[in-house]
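Secondary and tertiary structure notes
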Amino acid sequence: MVAVSSWGRLTAAEHRMLPLADRSKVHLSIAGQRPGLAFGMGRSYGDVCLNPEGALWDMRPLDRFISFDQPTGRLRCEAGTLLRDIQRLAVPRGWMLAVVPGTQYVTVGGAIANDVHGKNHHRHGSFGDHVLGFTLARTNGELRHCKPGDTLFAATVGGLGLTGVIVEVELQLRRVPGAWLEVETLSYRDIDEFFALSDASEADWEYTVSWVDCLNRSRRGIFMRANHVESDQPEPDPRDDFRWPFVPPVSLVNRLTLRPLNTVYFHLKKSQARSLQYYQSFFHPLDGIHDWNKLYGPRGFYQYQCVLPRAEGVAGIKALLQTIARTGTGSFLAVLKTFGQREPTGMLSFAQPGVTLALDFPYTGDETLRLFQQLDAIVVEAGGRLYAAKDARMPRAVFEAGYPRLNEFLPLRDPGISSAMSRRLLES
Ligand SMILES: Cc1cc2nc3c(=O)[nH]c(=O)nc-3n(C[C@H](O)[C@H](O)[C@H](O)COP(=O)(O)OP(=O)(O)OC[C@H]3O[C@@H](n4cnc5c(N)ncnc54)[C@H](O)[C@@H]3O)c2cc1C
């Protein structure tokens, strides 16, 4: 048994960890180990990747490339392959993953199971939109080949690992002119200005994202937009990444540190600027500090991420930020971004047309949970949903209200698979 925690470090429960290393035998290996759950890099924040006292099928040894067709950009790989390694293979050949989340330390299987999104949702949708097919092992010993249009494909993309174990994947990469992006940084004074900037940028800029000062009265922020560009700039030296060395006795993100940190960041970034950035720095700035999640201290932290439909989004985002500011909590890591008008591929995919807000909160006990109840009420009222990849506490009613295709999904679950989240939200 090993103690496993997810990125939020809220618990460290004992798990039976069973490495899967031979892709031809996965369907046989998992059949005798029920109930289990596939485990990628544990980069989900809450309990979607945990199965306390049960088995975790460790996908990380299944990290081999199977084939890459350079003229078409079609890549086949095992499901434990890291997005970082795909980029290292593809970028020097003029290709890239079409969608990447804020960290590259994520497996392909984990990216499909949460149908992750990046900063270019309005242009390229989410990760599942670029999956050409996969093999799914079920705990009854079956191996199923799934492709877009199949019911089991739509259940597995964003299916929280509950439909089977993805063994092997075929991805469509996208062409890029190189490894560099031209990035423009602008400041906004309030939420209305954020929406105006987003609307004005989406046609011409592939990537848009913003940082919002969650404690400032007017909710000012910094807006970033970027496009791929050709550049003869040499590849930068590999980053000398810093590893945060210890868990402090209390969260270093707290009421005393947050306001000054936000103010300094806003003033450093507020003047309009253009820069050339290497893809890793632009897509994954947080990866430069390993183990930064320890900064939140021994009790860990939650991330609260929701999406609200656009019509209700302006009022809803203002209400959420006002509620958060009243408590004086929140975090430096506060992201506000619009999603494009694209229907989600997966039955339980998170990203839907509208606007998403994501914020970290150090866990300080009941007051944190009481705040979330208030935020939940605003999200449900606005017809929004919470992101399961970040969640460890949403009530079942909030989940059901946000995911109208849940009843279509449930019969497609693999009965031999269960997680802490599925037991909390689905009773099994
Ligand atoms: C710093 C940081 C930034 C992030 N930024 C973003 C972002 O911008 N956008 C976004 O969408 N997410 C973001 N995330 C969340 C992260 O991308 C997702 O939680 C992702 O799913 C984690 O992948 P993983 O390989 O660590 O999987 P895990 O966290 O280990 O597992 C996640 C789920 O995938 C399932 N799973 C894993 N492998 C398989 C498999 N082979 N077959 C079936 N199911 C499987 C697990 O059972 C579990 O349900 C971020 C996380 C961090 C830490």
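1. Some thoughts on the site of the ligand
The immediate surroundings of the ligand are formed by 34 residues, with Ala-38, Gly-40, Ser-44, Thr-107 and Tyr-387 found nearest. Contact distances for the ligand include 2.6 Å between an oxygen atom and a backbone N or O atom of Ala-38. At a separation of 3.0 Å, an oxygen atom of the ligand approaches a polar backbone atom of Leu-160. Out of a free accessible area of 970 Å², the ligand has 96% covered by protein chains. Listing elements by their share of the shell around the ligand, those giving two or more residues are strand 3 (36-39), helix 3 (108-113) and strand 10 (165-172). For the shell around the ligand, the class distribution of residues is 20 nonpolar, twelve polar and two charged.

2. Focus: the pattern of salt bridges
Side chains carrying opposite charge are able to pair once their charged atoms draw close together. Under the criterion given, the structure shown has 27 salt bridges. Where Lys-25 meets Asp-22, a salt bridge forms, and the shortest distance between an N and an O atom there is 3.2 Å. Given a relative accessible area of 34%, Asp-22 falls into the partly exposed group. As a salt-bridge pair, Glu-193 and Arg-189 come within 2.7 Å of each other at their nearest N and O atoms.

3. Quick notes on the environment of Ala-111
Counting through the fold element by element, Ala-111 comes out in helix 3. The class of Ala-111 is buried, set by a relative accessible area of 0%. Spatially, the C-alpha atoms of Ala-111 and Gln-341 are 21 Å apart, while their sequence positions differ by 230 residues. Those residues in contact with Ala-111, other than ones at most four positions away along the chain, are Val-106, Val-116 and Phe-127.

4. With respect to the sheet that holds strand 16 (residues 273-278)
As summarised here, the arrangement of the eight strands in space is 16-12-14-13-19-20-18-21, forming an open sheet in which the pairing is antiparallel. Strands at the two margins of the open sheet, each flanked by one partner only, are strand 16 and strand 21 (385-386). Across eight bridges, the pairing between strand 18 (residues 301-308) and strand 20 (residues 354-362) is antiparallel. Counted as the bridge partner of Gln-303 is Asp-360 from strand 20.

5. So, the packing of helix 6 (residues 191-201) against helix 9 (residues 310-327)
For any two helices packed against each other, one specifies the crossing angle of their axes together with the interaxial distance. Closest axis-to-axis distance for the helix 6/helix 9 pair is 10 Å, and the angle between their directions is 140°. Accordingly, the angle class assigned to the pair helix 6 and helix 9 is oblique. For the crossing formed where helix 6 meets helix 9, the hand is right-handed. Of helix 9, the residues touching helix 6 (which contributes Ile-191, Asp-192, Phe-195 and Asp-199) are Arg-310, Gly-313, Val-314, Ile-317, Lys-318 and Leu-321. In the contact of helix 6 with helix 9, the residues fall into five nonpolar, one polar and four charged.

6. Quick look at the nonpolar core
By size, the foremost hydrophobic cluster in this structure holds 115 residues, and its most contacted members are Phe-127, Phe-134 and Leu-171. Beyond its immediate stretch of four places on either side in the chain, Phe-127 contacts Leu-83, Leu-97, Val-99, Val-108, Ala-111, Ile-112, Asp-115, Val-116 and Leu-171. Within the second largest apolar cluster, six residues are counted, among which are Trp-7, Tyr-45, Val-253 and Trp-292.

Calculation notes
- Residues numbered from 1 in each chain as written.
- Predicted model: local features only at pLDDT ≥ 70, side-chain atom pairs only at ≥ 80, totals over all residues.
- Heavy atoms only, no water.
- Near = heavy atom within 4 Å.
- Polar contact = N/O pair within 3.5 Å; in protein donor to acceptor, adjacent residues only side chain to side chain.
- Areas by Shrake-Rupley, 256 points an atom, 1.4 Å probe, with all protein chains shown as cover.
- Helix = DSSP H or I, 4+ residues; strand = E, 2+ residues; numbered from the N terminus.
- Nonpolar A, V, L, I, M, F, W, Y, C, P; charged D, E, K, R; others polar.
- Salt bridge = Lys/Arg side-chain N within 4 Å of Asp/Glu carboxyl O.
- Buried < 20%, exposed > 50% of the residue type's maximum accessible area, 1.4 Å probe, protein only.
- Contact = heavy atoms within 4.5 Å.
- Pairing = 2+ DSSP bridges.
- Axes fitted to C-alpha atoms, helices over the stretch in contact; angles between N-to-C directions.
- Parallel < 35°, antiparallel > 145°, perpendicular 65-115°, else oblique.
- Left-handed = near helix turned anticlockwise from the far one by under 90°.
- Core = buried A, V, L, I, M, F, W, Y, C linked by side-chain atoms within 4.5 Å.

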